[in-house]
Structures are given as C-alpha cells and as structure tokens.
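Reading the structure
Take a look at the letters that make up each chain.
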Amino acid sequence: MDEDVFETVRRFYERYRKDKAIAGYSALGLPVYAFFVGRQEYPVLLFQYAIHAREWITAYLALRHIERGIGRGGAWFLPLTNPDGAALSLRGEGFLSEISSERAAFLRRVNGGKDFSLWKANANAVDLNVNFGAFWGTGKHNVRMPAPENYIGSRPFSEPETRALRDFTLRVKPHATVSYHTKGEEIYYGFHAAPASEKEGVLARALSDETGYAARVIEESAGGYKDWCSLALKIPAFTIEAGSDTLPHPLKESDLGGITEKNIGVPRRLAEELWKTK
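All values derive from a computational prediction rather than experimental measurement. (Residues numbered from 1 in each chain as written. Predicted model: local features only at pLDDT ≥ 70, side-chain atom pairs only at ≥ 80, totals over all residues. Heavy atoms only, no water.)

1. Notes on the pattern of salt bridges
Taken as a whole and judged by the stated rule, the model has 17 salt bridges. Close ionic contact of arginine 39 with glutamate 41 constitutes a salt bridge, the shortest N to O distance being 3.1 Å. Here arginine 39 falls in the partly exposed class, since its relative accessible area comes to 39%. Given a relative accessible area of 40%, glutamate 41 falls into the partly exposed group. In this structure, the salt-bridge partner of lysine 226 is aspartate 227, at a minimum N-O distance of 2.9 Å. Considered together, lysine 226 and aspartate 227 belong to a single accessibility category, that of buried residues. Because the salt bridges share partners, they merge into one network encompassing Asp209, Glu210, Arg269, Glu273 and Lys276. (Salt bridge = Lys/Arg side-chain N within 4 Å of Asp/Glu carboxyl O. Buried < 20%, exposed > 50% of the residue type's maximum accessible area, 1.4 Å probe, protein only.)

2. Here's the deal with the pairing of strand E4 (residues 74-78)
Within E4, 5 of the 5 residues are buried, which leaves it mostly tucked inside the rest of the structure. Of the two faces of E4, the one carrying Gly74, Trp76 and Leu78 and the one carrying Ala75 and Phe77 are both buried. In this sheet, E4 lies alongside strand E3 (residues 44-49) in parallel orientation, the contact comprising 5 bridges. Looking across to E4, one finds that valine 44 is bridged to glycine 74. (Helix = DSSP H or I, 4+ residues; strand = E, 2+ residues; numbered from the N terminus. Pairing = 2+ DSSP bridges.)

3. Structural notes on the sheet that holds E3
The 8 strands are arranged E1-E2-E4-E3-E5-E8-E6-E7 in an open sheet whose pairing can be described as mixed. Whereas interior strands pair on both sides, the edge strands pair on one side only; in this sheet they are strand E1 (20-25) and strand E7 (214-217). Direction aside, the axes of adjacent strands within the sheet are offset by 20 degrees on average. The strands touched by helix H6 (residues 160-172) within the sheet are E1, strand E2 (31-38), E3 and E4, with E1 carrying the most contacts at an inclination of about 140 degrees. Against the sheet, helix H7 (residues 198-211) touches strand E6 (186-189), E7 and strand E8 (237-241), its axis set at about 170 degrees to E6. (Axes fitted to C-alpha atoms, helices over the stretch in contact; angles between N-to-C directions. Contact = heavy atoms within 4.5 Å.)

4. Digging into the side chain of serine 221
On the secondary structure map, serine 221 appears in the loop between E7 and helix H8 (225-233). A polar side-chain atom of serine 221 sits 2.9 Å from a polar atom in the side chain of aspartate 227. Sequence-distant contacts of serine 221, that is, excluding residues within four places in its chain, are made with Phe191, His192, Lys226 and Asp227. (Polar contact = N/O pair within 3.5 Å; in protein donor to acceptor, adjacent residues only side chain to side chain.)

Listed below in structure tokens is the structure:
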C-alpha cells in the first residue's frame, strides 16, 4: 500500500460514480483529485489531506471518510493535495528516476542525501502549507530558500498546488474546512489575525469530543491553508494532527487503524454541529 498512494487515489477516482473533479495539477502535472459526498445544501465542508509529503498516510484516511459518507449537507474531499511530494517521500530514487535529471539533481541537492522519507515540500522544494496568503513569511520557522520543509516560496501562492486549493475552495464556497496532518493528536483552530469566534470554539470542542484529541487555539502559525481560510474567507477552519506523537515520521500503514478509529466520525460530527448553528 505504501508504494502507490497516488495510484490508489487515481483508481478510486476512476471508479467513483458520484460528483468528482480535478481541483488542479501539481508542479509535475499530476492531478489533484476531489470527491463530493452528500448533497449541495447546508453545510458544505471541505477536507484536504497530505499537503505535507511525508504525511501521505492521511490520504488513506480520506478514502475511508469518503466511503463512510456524511449525514447532513455535503463535503468535498481532496485526499492528496501534494502528489509529487508524497511520491518523492515514499519512493525516493525510484521517483527521481522518472523525472528530468535536472529536477532530480536539484531535489537531491536540496535534500542533502538520497533518503526522502521525511520530505514535506513539493517538487519545487516549497512547503505548501506556508505558501498561502495569510501573513505569508512571518512564521516562526519559515525559511527563504528551497528546503525539505518550511520554505515559503518566492511569493504567496507561487505553487500550482496552493493555487489549485485556493481556487477550488473559492469555487465550492465551504462553510468550514479541515486539514489533516500528522502527528500529535491535537486540533488547531483560530488565527492571530482572525481570532476564533465562539462558534469556532464550540465546533473545536465537538471535534475534540469526537476524536479524544486536545483542541487549542494556535497563534504562531502563518501562511497555512487553515490560516488563509480564517483570514480571507472568515469561516471555521481546523487543522487535525492525527496519530500519536510517539510514532515516528513518516507514519506507516500499520498506524492507519488507530488513526481511522479516532477520526472516522469527524466529517459527520462537524456537519451535524454546523447544522445545529444554522
């Protein structure tokens, strides 16, 4: 399973008979697949996964969420927002042998070796989750040159993946968003430039109850998708760090069962809690 996450999602897309779309394309031209579940009525949610390459395990959680469905309203699911990076993290030199020699040399140089298992960025060595236009470049750990993680890019939305996620979000107009990451078993909400509302706090506590994860307001982030949703769209936005902090990166297939058990009900619970606030 670990070797073909993109192929797994691609095959799932080909078999899927409900609403679906290609949200955009990666730096190397791979499609970013999107799947719709439910009905086009309040609330409409958006869930995105694996924006960090080494966190590809969350793409499998996405497929389980899609299969389980949603009770109220509808939801868009984007299982693999960073397909190039996930392939690089999983397959390393095998993936590099399939792309241009110039790009492969660049990525090896940036990585400082042949082990790409901890790679977080895309194929341009940009960390996609610090490339959004929400106080871009002001994060505590940001770097300003290509790197396996934390490089902000040359400008906000410099990357095709972040532009695709931005444009798709604007198109579908979700009432709330959730970004799945690993690890730590925490739920982050709020943004220093867009303080969490009472409603967002209620929703965060419901997600905490559903998962058993601690929910906390995060103030030190910048340039992330959650941050942009909070600042630009003024909607509830959450980052869920799935998987115990005792597990080493990257999480493996054997870790998926525990993650699924705690998170399988999140889409239904969030939709239900939002519907109560209508």
